[in-house]
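Here are the chains, one letter per residue:
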There are 2 protein chains.
Amino acid sequence: MVDAETPTRKRRGGGRSGNAARRGTAVIEQSAWRIPVNTDHPTEPLPPEGVAAIHEAAMTILEEIGIEFLNVEARDILRKAGCTIEGENVRMDRDFVMEMIGRAPSQFTLTPRNPDRQITIGGNHILFGNVSSPPNYWDMELGRKLPGTREMCRNLLKLTQYFNCIHFAGGYPVEPVDIHASVRHLDVLYDKLTLSDKVMHAYSLGRERVEDVMEMVRIAGGWSHEEFEATPRMYTNINSTSPLKHDEPMLDGWMRLARRGQGLVVTPFTLAGAMAPVTMAGAVAQSLAEGLCAIALAQYINPGVPCVIGTFTSNVDMKSGAPAFGTPEYMRSTQMTGQMARFYGLPMRSSGVCAANVPDGQAVWETSNSLWAAVQSGSNMVYHAAGWLEGGLIASPEKFVMDCEVLQQIQRYFEPAIVDTSAEALALDAIRDVGPGGHFFGTQHTQDRYTTAFYQPFLSDWHNFEAWEAAGAVWTPERAHRVYKDIIGSFEPPPMDEAIRDELADFVARRKAEGGAPTDF
Amino acid sequence: MVDAETPTRKRRGGGRSGNAARRGTAVIEQSAWRIPVNTDHPTEPLPPEGVAAIHEAAMTILEEIGIEFLNVEARDILRKAGCTIEGENVRMDRDFVMEMIGRAPSQFTLTPRNPDRQITIGGNHILFGNVSSPPNYWDMELGRKLPGTREMCRNLLKLTQYFNCIHFAGGYPVEPVDIHASVRHLDVLYDKLTLSDKVMHAYSLGRERVEDVMEMVRIAGGWSHEEFEATPRMYTNINSTSPLKHDEPMLDGWMRLARRGQGLVVTPFTLAGAMAPVTMAGAVAQSLAEGLCAIALAQYINPGVPCVIGTFTSNVDMKSGAPAFGTPEYMRSTQMTGQMARFYGLPMRSSGVCAANVPDGQAVWETSNSLWAAVQSGSNMVYHAAGWLEGGLIASPEKFVMDCEVLQQIQRYFEPAIVDTSAEALALDAIRDVGPGGHFFGTQHTQDRYTTAFYQPFLSDWHNFEAWEAAGAVWTPERAHRVYKDIIGSFEPPPMDEAIRDELADFVARRKAEGGAPTDF
């Protein structure tokens, strides 16, 4: 099925978009789909006693201070499990926590409707997801910040599907506020499931939404309920309300997915100096306590259900209290959390983040810091890896495209071929043949390898200044804008059976007729 | 002494520059001068057998293929040392090479005229230098690429001196082509020595230049010849003419500084696929061979003279043959060279590099990749760490300022306080006091620490979009331009005795009268 918007966009988009669409060819030469394996030893700033100290602090928080679970069912379950409940406060001892965490697999798969898009989470795998949940959108053409719409959301979903370096579809890449909140999840999931065949996410924002999304993912996969539950197909991500609180709908969704054996990611947002101590070790310990107790709950409900411990520990601006991202403190807390995740034997999630408002140098250095921190920490899932601006308040297609260039480079960085030291790679014969003052361009050794020897960017411009100037002196964000337009203009959604598409549409229509989800929270 | 240009610039520069200059206050709040210690374990892509294989290849190049030394004196010395000389080709066996390398210190100091600016090279220290040697200049005000001038060079030298994260002054930050080549070194060294009190560099571009620069550094320090030679005061960097060649003037300068016990850095420019094999291990092995033979020569001449092995191994663009920088291949070759430098017990130099033509997103991701590779490789000297564009063909003050923001963040990243896991840092009492749903802003634990808890940027804008827009919606390069103007407008050179300044000026006048240096090469 060809995207219904394409013809209009082709006319508007002019030359390059139109040509690419007519040719039916790829608009850029991107890297192939693959599941990257992080071959680096993680960067570990903590000595063993530092790991022990943070563990001790996290356990003390859970044992002595406790976490508020604003969900009656969750408290009932944890009471039954032997935890101490006082009002909404839940305390759990370390033996229970560690026993429950011990049930969680260190590695698992998520298998979406296209089995070729299966991803493995845990071990040395590092996977990237699109920006999720900004309420606003910015692009070069608009030149200003606007509330998200369904069209903007669809465009960012097309980028999510298009780029092979994006492995999973997170939350809504921008919040489409032009759709009423009661039915937004229905329309966006319809868009997501028809525009993408990658792993899907459900927001834990109330029973109806979670159940609707699970049902739509099931329908899209053509699975029976048993097949849906036979292996993890999708996942949710919940955030604690730091400090020390899990709210009602998040816990509800968490338990629903736990029961059906789907993927569970818990990511406290512990901003040091605001919702967490001003000291990074304290913020990390608090984050771990908030995450581990949710994982303990899930493992009690469904032993062995796949769980991921997330980190979103950053710091505030000392002067204004505003959140900062991609800072030195952010990098170290991510690395520390990585050490702790390995200590607990849990897969880990971190993010690609920045505080910058536009896709400029600051955006890149902050995002680059956070992406390298993801690598250094041994993160398995990297949320918001493409498209995020303004501390998550803006989604930008230019930033998305720029980030994908960097993600491709990180993927290439992990390829063992670069550090091959075989006799062929050491190339002594070529060095001998070329000799002093010669040139390697024309040698057989080069000719045999030059098409695949090096990473080839799609967005970096390696022309010299004069050639770059002659071609219009286009800076990075504008180049990214053009790539974005080309991709959108020639986008072809992945195949889907007409019958399944109809079933999805019928489901959306029926649930809309029923009123969708309540919007009283 | 106030810079003679300041009053004019103050009037031209308008508001902020003028105010900052009048107030006599710092234009930005920058990090303090310090010698950063890289606390991370290096990233080591090679297994032990990979290190052994590259060593074997480098030794085989030196033993069997040989390096051309286009300098009669160097060949005579190496012949005396027992090397095999055939024409200009020099072969040296591994026992000799390893014995000579074993004489080089693993760590040493360079002490400039201001002893507070002493730097330690080697061990875990990581030091940053300014951009060196671009023939051209670009800034936002010009908006175009122009050949360098003395004024541009002076402005970049002021940035070099101003920023505490820049530890040493490399070569000319832009080549001032408005000064005749015969006397250029005299004028620029006068500018460097009067505008900066940091460690100085001499180009090895002929006997007269090297001797003039050493003499000027000696005069500026107020040292006798004995005092100059008592400890390393300055350094040179030479590049081999890859593949497998060292040219006449470079070797001449190398030997002159070696005899006087000054710092020696050798940096082959092995561009994989052009001047080196298309495979990175081969390019690294060739680079090492070219570097190690120069170090062997220096150690034979003056045992124990401080030497640094440099890397500048990158790759070409597969499509155009143009050099690429900050690529995945660049990162891995830098890390591999780091492993080899530790194997040989030598301090290491790498660089901050990019192919981008303007200070945009590409410039930052390429530079960021290269700076993190410097960190990961355990590099001790990072050349071109601020200000470089277009593969080293352009120097830019905006890029300089942007890079310094990133360098400050890297320095902060190494501070052990961030990963402190003491009881105070774990902050259990604060977490207990604040409790679920509370806030850490007002707690005593936060109040006691918030002014120093987090890195404070001078260039990153952490305001939200609306505040950023209200302040003019200024993108990173334009913000950097304003900081640059403010710094230049209120720059105050470091103190220097009037008598020494006069002696320097007299030396320059006398050497100009003598005709300076020959320009026939």
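Each chain has its residues counted from 1, running along the sequence as written. Whichever chain is written first becomes A and whichever ligand is written first becomes 1, with later ones labelled in order. Under the rules for a predicted model, residues below a pLDDT of 70 receive no local features and side-chain atom pairs below 80 are neither given nor counted, while totals for whole chains, interfaces and linings still include all residues. Note: side-chain values were computed over all heavy atoms of the structure, leaving out hydrogens and water.

An unreviewed UniProt entry annotates chain A as Trimethylamine methyltransferase family protein originating from Lutimaribacter degradans.

Participant: Before we move on, could you go through the packing of aromatic side chains and cite the residues and values that matter?
Facilitator: To pair, rings of Phe, Tyr and Trp, with the six-membered ring standing in for Trp, must have centres within 6.5 Å; the planes then decide the type, stacked if under 30 degrees apart, edge-to-face if over 60, and tilted in the middle. Overall, the coordinates contain 36 aromatic pairs over all chains when judged by the stated rule. Here tryptophan 138 of chain A and tryptophan 475 of chain B contribute two aromatic rings whose centre-to-centre distance is 6.0 Å and whose plane-to-plane angle is 55°, an arrangement assigned as tilted. Note that tryptophan 138 of chain A is positioned in strand β7 (residues 136–138) and tryptophan 475 of chain B in the loop between α18 (465–470) and α19 (476–489), a pairing that runs across two chains. Relative accessible area serves as the criterion here: at 26%, tryptophan 475 of chain B is assigned to the partly exposed category. Taking the centre distance of 5.9 Å and the plane angle of 90° together, the rings of phenylalanine 168 of chain A and tyrosine 235 of chain A count as edge-to-face. Here phenylalanine 168 of chain A, found in the loop between α6 (150–162) and α7 (184–195), pairs with tyrosine 235 of chain A, found in strand β10 (residues 234–238); they are 67 residues apart in sequence, far enough to count as distant. An aromatic cluster is present here, built from Tyr162, Phe163, Phe400 and Phe458 of chain A joined pairwise through their rings. Here, a charge over a ring means that NZ of Lys or CZ of Arg falls within 6 Å of the ring centre while also lying within 35 degrees of the ring normal. Sitting over the ring of tryptophan 33 of chain A, arginine 117 of chain A keeps its end group 4.7 Å from the ring centre. Here a helix means four or more residues in a row that DSSP labels H or I, a strand means two or more in a row labelled E, and each is numbered from the N terminus. With a 1.4 Å probe rolled over the protein chains alone, any residue whose accessible area is under 20% of its type maximum counts as buried; one over 50% counts as exposed, and the rest are partly exposed.

Participant: Which residues make up the pattern of salt bridges, and what are the values?
Facilitator: Side chains that carry opposite charge are capable of pairing whenever their charged atoms lie near each other. Salt-bridge detection follows one rule: a side-chain nitrogen of Lys or Arg within 4 Å of a carboxyl oxygen of Asp or Glu. All chains considered together, the criterion is met by 64 salt bridges over all chains. As a salt-bridge pair, aspartate 403 of chain A and lysine 399 of chain A come within 2.9 Å of each other at their nearest N and O atoms. Here the residue aspartate 403 of chain A and the residue lysine 399 of chain A both occupy positions in helix α14 (residues 397–413), the gap between them amounting to 4 residues, near one helical turn. Arginine 184 of chain B is the partner of glutamate 175 of chain B in a salt bridge, and the nearest nitrogen-oxygen pair spans 2.6 Å. Connected via shared salt-bridge partners are Arg150, Arg154, Asp187, Asp191 and Lys512 of chain A.

Participant: Would you mind going over the packing of helix α6 (residues 150–162) of chain B against α19 of chain B in detail, with residue names and values included?
Facilitator: Each pair of packed helices can be summarised by the angle the axes make with each other and by the distance between the axes. Residue and element names in this part refer to chain B. Packing of α6 against α19 leaves a shortest axis separation of 10 Å and a crossing angle of 90°. By the angle class used here, α6 and α19 are roughly perpendicular. For the pair α6 and α19, contact is made by Asn155, Lys158, Leu159 and Tyr162 and by Tyr484, Ile487 and Ile488, respectively. Each axis is a line fitted through C-alpha atoms, taken for helices only over the stretch in contact, and angles between the N-to-C directions span 0 to 180 degrees. When describing relative orientation, an angle under 35 degrees is termed roughly parallel and one over 145 degrees roughly antiparallel, while 65 to 115 degrees is termed roughly perpendicular and anything else oblique. It only takes one pair of heavy atoms within 4.5 Å for two residues to be counted as in contact.

Participant: Account for the sheet that holds strand β7 (residues 136–138) of chain B, naming residues and giving values.
Facilitator: Residue and element names in this part refer to chain B. Pairing between two strands is assigned when DSSP locates at least 2 bridges connecting them. An order of β8-β7-β20-β19 is seen for the 4 strands of this open sheet, with the pairing classed as mixed. This sheet does not close on itself; its edge strands, each paired only once, are β8 (145–147) and β19 (388–389). Examined bridge by bridge, β7 and strand β20 (residues 394–395) share 2 bridges and lie parallel to one another. In the sheet register, tyrosine 137 faces β20, and the bridge partner there is alanine 395.

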